[in-house]
Amino acid sequence: MDSSGLGVRRAVGFVAPALVLIGVFLVFPALWTLYIGITDYQLTGPAAADPQVVGADNLVEAVRDPLFTNSVWLTALFVLFSAVIGQNVLGFGLAWSLRSVSPWLRRTAEGLVLLSWILPSTVVAFLWFAVLSRDTGTLGLLLGSPQTSWLVEYPMTSLIIFNVWRGTAFSMLLYTSALAAVPPSQVETARLVGASGWQTVRDVVFPHIRGHVLTNTLLISLWTANDFTPFLLTSGGPNHRSEVLPVLIYRQALEGGQLGYASAMSMLLLVGNLVVALVYLRLLRRRA
Amino acid sequence: MLEGMGRTKVFGLLAVCGLLAGCLGQPRSGDQARNADAGEFTLTIVANAAVGGKNARGADWIQNWVIPRFTEAQKAKGVTATVKFEQNGTGDEDFKTKVALDLKTGGGGDVVEIDGIWLGEFAQAGQIKPLDEVVGDTSWDGWGQIPEAVQGLGEFEGKTYGVPMGTDGRVLFFNKKLFAQAGLPADWQPRSWQDVLDAGAELKGQAGVTPIQLNAGSAMGEATTMQGVLPALVGTGRPVYENGKWQGDSAQVRDVLELYRKIYGGGLGDPVLQQEANGRQRSFALFSENKIGILLESDYFWRSVVEPVNGVAKMADRDSAVGWALVPAKEAKAGVGGQDFVSMSGGGVRVINPNTRYPRQAWEFMQFLNSAEAVRESLAGTAQLTQRQDVNDQVLGGDPMLSFIAEKVLPITRYRPGVADYPKVSAALQQATADVVGGMSPDEAAKAYRASLVKAVGEQNVG
């Protein structure tokens, strides 16, 4: 039982600081959000001074709110195209194709990809603003159509491409180390029997890294679903066309002042995340 | 082990419950004379102004005139005063959020500059309190210099919460150079919406020129309501709030949305600009680059945007290139009160944080900020409709635009309803214009507007 020989009291003493931190910064805010979510609490006005408990009204209203359903749909698109497909495929592609090139080229490529990942969001958002702007934006100049305001006319597409660019580094790193675990002899054998590149990946490499793929997809899906950077680029606009859930929640809470309503929405986002996580975990367990 | 965990959880839950019970909507109160005799005090003034940035002139004034003079005056009385200036240079909505969060959490500056229209919601939230509750005795000779209508900006439900910082008026600004090229007169004065649209059509032929900028959409925030919907709406004869009810999808609201459709659906305005994150700033820059023909704005545009020295979109030839005209009603005599021309006004208010450690000193500082000398100095040689009649009498004569506002616009202007629901209604109106600019028909947009209005203020308050 007591393998460390500490005794119950000392063991509690050791974990107590961690538990306090978790309690203060994780458990309390979560419960707090749940509580605010059942009130009509607002940033200003009478409901700020004297909030009333309204029960599940906020949740019912959110589910009926076209802004919320629009936002859920956009978040799903954002996660599917930028994370599940975009970052995964590009990250794997980079990891796979950089295996066999000369070290300096690999290091340079990896360095550049990493750079897009480690730069602060505000800096990156500003750079993309400059690229996508309508007035002498770099992309407009390159394509010879300087009058296109990319972030206004193609907001979701812009965000998806942005997020692929931004987040691919993680998938690339994870797949690079995963590929190192694939026995070279098997890849070599596949090559000798004349398997094409795609056949090798599908039948030799993939079975080895299936767990990595699922873990990676789980992580980047959750990160993308909770990502707030879209706000820096489009603020959810134009006219709610790129309002993914974190942006909608922020705008409802701080711009609209509806703190209670926004908390209820964040709870729904949390539930959504949990469902996604459960599905992935089921898949992972089936593998085992 | 299990026992220990159980105990921790119980303590955790107890702590959480205690915090939950105490945090929402906490009441605040304090002794108005607290620290009144302190030999040393610190005050912070918060404004949406930054040296070298937004409202640079106001920021310069606080930094380089108010603070040194005030500390000097206090020193003469043997008191060591420190005044800090918390600068901001952000959008009005973001600034409001910040101030609300500051006040809500018991923090924030001692003297805060806010938009008069936020007064109602802050007051109802208990985030600001009537001035006499905060500082006690509010007698001051300056009150006599502030006209009743302007004092109203600092009042809510009959109580004074703050001291107004002046007022403004809205007109149509136009670019005389573009007008000359299109064969339009330099003393242009439209008498109906159709006249404005006709002038827009004349301007349309010039390459790279957007004829009309009438703010639309949510990205522009309150600027859409104040420089777009409301001036148009008073031009239909009915203000947005009347006899305790908000206008729903009335014929008048539809008329306004139809005007938006004619402008943005008819190639007279730039729909994309309305949706960009920095559309309003862009529109200023475009006007100063002679790329916008007609733009509805307050005199702020003249004083702080195209102003040749300190403006955010300077026009060296402002005095000769920028013309202005009264905003016409839909047709002659169709405006509120049967007026031919209409306008909307607003203004900032300085309030004292109820949580200030030095209420009496904050009030003294407030009087200093609003003294005739300080107000005159804040103008830095330019003109503006200040809160003080004595200062206005001296300075307005030198500026034709500002005299125009004082003489022609203020007598016909309207103010926004100072009730706490207003920002929600404003947001719904912005969304309606966004819908029309995005291609929805005015009728549908008006219906959607009514639905969100009912959701925001309740069916019984929609007329």
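Residues numbered from 1 in each chain as written. Chains lettered and ligands numbered in written order. Predicted model: local features only at pLDDT ≥ 70, side-chain atom pairs only at ≥ 80, totals over all residues.

## Concerning helix α4 (residues 66-98) of chain A
Part 1 of the argument: In this model, α4(A) (33 residues) spans 45 Å end to end at C-alpha, consistent with the 48 Å of a helix rising 1.5 Å per residue.
Part 2 of the argument: Taken as a whole, α4(A) carries its principal kink of about 35° at G86(A). (Helix = DSSP H or I, 4+ residues; strand = E, 2+ residues; numbered from the N terminus. Expected span 1.5 Å × (residues − 1). Bend = angle between axes of the 7 residues up to and from the residue.)

## Quick look at the sheet that holds strand β3 (residues 111-115) of chain B
All names here are of chain B.
Part 1 of the argument: Sheet architecture is open: five strands sit in the order β2-β1-β3-β15-β6, paired in mixed fashion. Looking at strand neighbours, the two that pair on one side only are β2 (80-87) and β6 (162-164), the edges of this open sheet. Ignoring which end each strand starts from, the neighbouring axes of this sheet average 25° apart.
Part 2 of the argument: Direction of pairing for β6 relative to strand β15 (residues 348-352): antiparallel, over a ladder of three bridges. Note on β15: the bridge partner recorded for G162 is V351.
Part 3 of the argument: Along the sheet, helix α15 (residues 359-369) makes contact with β1 (40-47), β3, β6 and β15, crossing β15 at roughly 155°. (Pairing = 2+ DSSP bridges. Axes fitted to C-alpha atoms, helices over the stretch in contact; angles between N-to-C directions. Contact = placed C-beta atoms within 7 Å.)

## Some thoughts on the domain arrangement of chain B
Residues and elements named next belong to chain B.
Part 1 of the argument: You can read the domains of chain B as domain 1 (25-167 + 346-415) and domain 2 (170-344 + 421-461).
Part 2 of the argument: Distance between the C-alpha centres of domain 1 and domain 2: 29 Å.
Part 3 of the argument: Contacts between the two partners involve 21 residues from domain 1 and, on the opposite side, 21 residues from domain 2.
Part 4 of the argument: Mapped by element, the contributors of at least two residues to the side of domain 1 that touches domain 2 are α2 (56-76), α3 (92-104), α4 (119-124), α18 (400-409) and β16 (413-415).
Part 5 of the argument: Grouping the constituent residues of the side of domain 1 that touches domain 2 by class yields eight nonpolar, seven polar and six charged. (Domains from an automatic or database assignment. Nonpolar A, V, L, I, M, F, W, Y, C, P; charged D, E, K, R; others polar.)

## Topic: the packing of α4(A) against helix α9 (residues 155-180) of chain A
Residue and element names in this part refer to chain A.
Part 1 of the argument: Following both chains from N to C, one finds α4 and α9 inclined at 40°, their axes separated by 6 Å at the closest point. On the basis of the axis angle, α4 is oblique to α9. Crossing geometry of α4 relative to α9 is assigned as right-handed. (Parallel < 35°, antiparallel > 145°, perpendicular 65-115°, else oblique. Left-handed = near helix turned anticlockwise from the far one by under 90°.)

## Observations regarding the sheet that holds β16(B)
Part 1 of the argument: Pairing is mixed across the open sheet formed by three strands, whose spatial order is β13-β14-β16 (chain B). Of all the strands in the sheet, the pair left with one neighbour each is β13 (327-328) and β16 of chain B.

## Digging into the interface of chain A and chain B
Part 1 of the argument: Opposite the 29 residues of chain A that make contact, chain B presents 29 residues.
Part 2 of the argument: Taken together, the elements giving at least two residues each to the side of chain A that touches chain B come down to α1 (8-37), α2 (46-49) and α13 (245-255) of chain A.
Part 3 of the argument: When residues in the side of chain A that touches chain B are grouped by element, the largest group, 10 residues, is from α1(A).

## Comments concerning the nonpolar core
Residues and elements named next belong to chain B.
Part 1 of the argument: With 161 residues, the main nonpolar core has L172, Y260, I352 and A362 as its most contacted residues.
Part 2 of the argument: In terms of residues, this core owes the most to one element, helix α19 (residues 422-437), which gives nine residues.
Part 3 of the argument: Looking at this core, you find at least three residues from each of domain 1 (25-167 + 346-415) and domain 2 (170-344 + 421-461).
Part 4 of the argument: Setting aside residues up to four positions removed in sequence, A362 forms contacts with L43, D110, V111, V135, I352 and T356. (Core = buried A, V, L, I, M, F, W, Y, C linked by C-beta atoms within 7 Å. Buried ≥ 20, exposed ≤ 12 C-beta atoms within 10 Å, placed from the backbone.)

## Observations regarding the pairing of strand β11 (residues 292-298) of chain B
All names here are of chain B.
Part 1 of the argument: Burial analysis of β11 places seven of its seven residues in the buried class, the great majority of the element.
Part 2 of the argument: The pairing of strand β7 (residues 170-175) with β11 spans five bridges and is classified as antiparallel. Following the sheet pairing, R170 is matched in β11 by S298.

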